[in-house]
Amino acid sequence: MAMNKLVESSLVNISMNKSFGGRHKQYSHQSPTLNCTMQFAIYLPPQASNGTKVPVLYWLSGLTCTDENFMQKAGALRIAAELGIAIVAPDTSPRGDDIANDEGYDLGQGAGFYVNATQTPWRRHYQMYDYVVNELPALIESTFPVAEKRAISGHSMGGHGALMIGMKNPDRYCSISAFSPICNPVHCPWGESFHRIFGQ
């Protein structure tokens, strides 16, 4: 509970736009799980404007994306408004000058793969699994009018994250889906990234 209050108190609203009768907002906050400042975007449909709690879809984006890509390009907000569903899009990884990075696009900032890294220098900040499964939903549910009825989906690297997280936590999600997911990353070039963050 104390951690939730700490994270809530660090919330900073970066932007807000009206969209299809709802609100598309972007926030930053200090993450104890990732030891850095993180960003996420949230769309609250018009049904949530009076405080009514609505179901929420967690959308995990792919390599090199941010919290902005899906929200701005997918055209999903119109459907979310019609169905009365909130959408939450976290960033794909920790970011910042003191965060470990790599020259390759498939490792480091922009490529967190939604896993918990075990190797140096990645493990200090790259705990994306814990962030998506625990910290972010706790923050969202204690701050915004969303229900505990959750779904998870994603694209490419985010599809990998959605399937992996959903299958490990089937009781947390009413729906698990993915678009063009990276299903078996250890048997393709992306596996090199996994060897470096897991040491296997």
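Each remark here, short or long, concerns the structure printed above.
Visitor: What exactly am I supposed to notice about the pattern of salt bridges here?
Guide: Pairing is possible between side chains of opposite charge, provided their charged atoms come close. Considering all chains together, one arrives at 4 salt bridges under this definition. The closest approach of N and O atoms between Arg78 and Glu82, which form a salt bridge, is 3.1 Å. One end of the pair is Arg78 and the other is Glu82, both in helix α3 (residues 76–83) and 4 residues apart, which spans about a single turn. Looking at Arg78, the relative accessible area reads 40%, which means it is partly exposed. A salt bridge links Glu141 to Arg150, with the shortest nitrogen-to-oxygen separation between them at 2.6 Å. For Arg150, a relative accessible area of 10% translates into the label buried.

Visitor: How do you make sense of the state of the cysteines when you look at a structure like this?
Guide: Structurally, a disulfide amounts to a covalent bond that connects the sulfur atoms of two cysteines. Under the criterion given, the structure shown has 0 disulfides. Its sulfur unpaired, Cys36 is 18 Å from the next cysteine sulfur, which belongs to Cys65.

Visitor: Would you mind showing me how to read helix α5 (residues 157–168) here?
Guide: Count 3.6 residues to each turn of an α-helix, and residues three or four apart come out pointing the same way. Its 12 residues give α5 an end-to-end C-alpha distance of 17 Å, which sits within 8% of 16 Å, the value for a rise of 1.5 Å per residue. When you tally the buried positions in α5, you get 9 out of 12 residues, the bulk of the element. Turning to α5, its buried residues number three or more, namely Met157, Gly158, Gly159, His160, Gly161, Ala162, Met164, Ile165 and Gly166.

Visitor: Can you walk me through the packing of aromatic side chains in this structure?
Guide: The geometry of an aromatic ring pair comes down to the distance between the two centres and the angle between the two planes. Here the structure, examined in full by the defined rule, presents 6 aromatic pairs. Positioned above the aromatic ring of Tyr129, the side-chain terminus of Lys168 is 5.5 Å from the ring centre.

Visitor: So what exactly am I meant to see when it comes to unusual backbone geometry here?
Guide: Keep in mind that most residues, glycine aside, have a negative phi and that most peptide bonds are trans. Backbone torsion omega between Thr120 and Pro121 reads 5°, so that peptide bond is classified as cis. Assignment of secondary structure puts Pro121 in the loop between β5 (86–90) and α4 (128–143). Unlike most non-glycine residues, Asn35 shows phi in positive territory, near 55°. By the secondary structure assignment, Asn35 is in the loop between β2 (22–31) and β3 (36–44). According to the relative accessible area criterion, Asn35 is partly exposed, its value standing at 32%. Positive phi outside glycine occurs at Thr64, with the angle close to 70°. Along the chain, Thr64 falls in the loop between β4 (54–60) and α2 (69–73).

Visitor: Sorry if this is basic, but what is going on with the pairing of β4 here?
Guide: It is a general feature of regular strands that their side chains alternate between the two faces of the sheet. By the criterion of burial, β4 is predominantly enclosed, with 6 of the 7 residues buried. Sheet analysis places β4 next to strand β6 (residues 146–154), joined by 6 bridges and oriented parallel. The partner of Val56 across the bridge, within β6, is Arg150. Note that β4 and β5 share 3 bridges and pair parallel. Note that in β5 the partner of Val56 across the bridge is Ala86.

Visitor: What am I meant to see in empty space enclosed by the protein here?
Guide: Here the idea is plain: a probe the size of a water molecule rolls over the atoms and shows the empty space left. The full count for this structure, using the stated rule, is 1 cavity of 30 Å³ or more. Volume-wise, the largest cavity comes out at about 30 Å³. The wall of the largest cavity is formed by Ala111, Gly112, Val115, Ala117, Tyr126 and Ile197. Residue classes in the lining of the largest cavity are distributed as 5 nonpolar, 1 polar and no charged.

Visitor: Looking at this model, I keep getting lost on the sheet that holds β3. Mind explaining?
Guide: In a beta sheet, neighbouring strands are held together by backbone hydrogen bonds and run either parallel or antiparallel to one another. With mixed pairing, the 7 strands of this open sheet are ordered in space as β1-β2-β3-β5-β4-β6-β7. With one partner strand each, in any of the chains shown, β1 (12–19) and β7 (175–176) form the two edges of the open sheet. In the packing of α4 onto the sheet, contacts are made with β2, β3, β4, β5 and β6, and the angle to β3 comes to roughly 55°. Running at roughly 130° to β6, α5 makes contact with β4, β6 and β7 of the sheet.

About the thresholds
- Residues numbered from 1 in each chain as written.
- Predicted model: local features only at pLDDT ≥ 70, side-chain atom pairs only at ≥ 80, totals over all residues.
- Heavy atoms only, no water.
- Salt bridge = Lys/Arg side-chain N within 4 Å of Asp/Glu carboxyl O.
- Helix = DSSP H or I, 4+ residues; strand = E, 2+ residues; numbered from the N terminus.
- Buried < 20%, exposed > 50% of the residue type's maximum accessible area, 1.4 Å probe, protein only.
- Disulfide = S-S within 2.5 Å.
- Expected span 1.5 Å × (residues − 1).
- Phe/Tyr/Trp six-rings, centres within 6.5 Å; stacked < 30°, edge-to-face > 60°.
- Lys NZ or Arg CZ within 6 Å of the ring centre and 35° of its normal.
- Pairing = 2+ DSSP bridges.
- 1 Å grid on protein atoms, 1.4 Å probe; cavity = no way out; pocket = protein on both sides within 12 Å on 5 of 7 lines; lining within 4 Å.
- Points joined across faces, edges and corners; volume = space filled by probe spheres on them.
- Nonpolar A, V, L, I, M, F, W, Y, C, P; charged D, E, K, R; others polar.
- Contact = heavy atoms within 4.5 Å.
- Axes fitted to C-alpha atoms, helices over the stretch in contact; angles between N-to-C directions.

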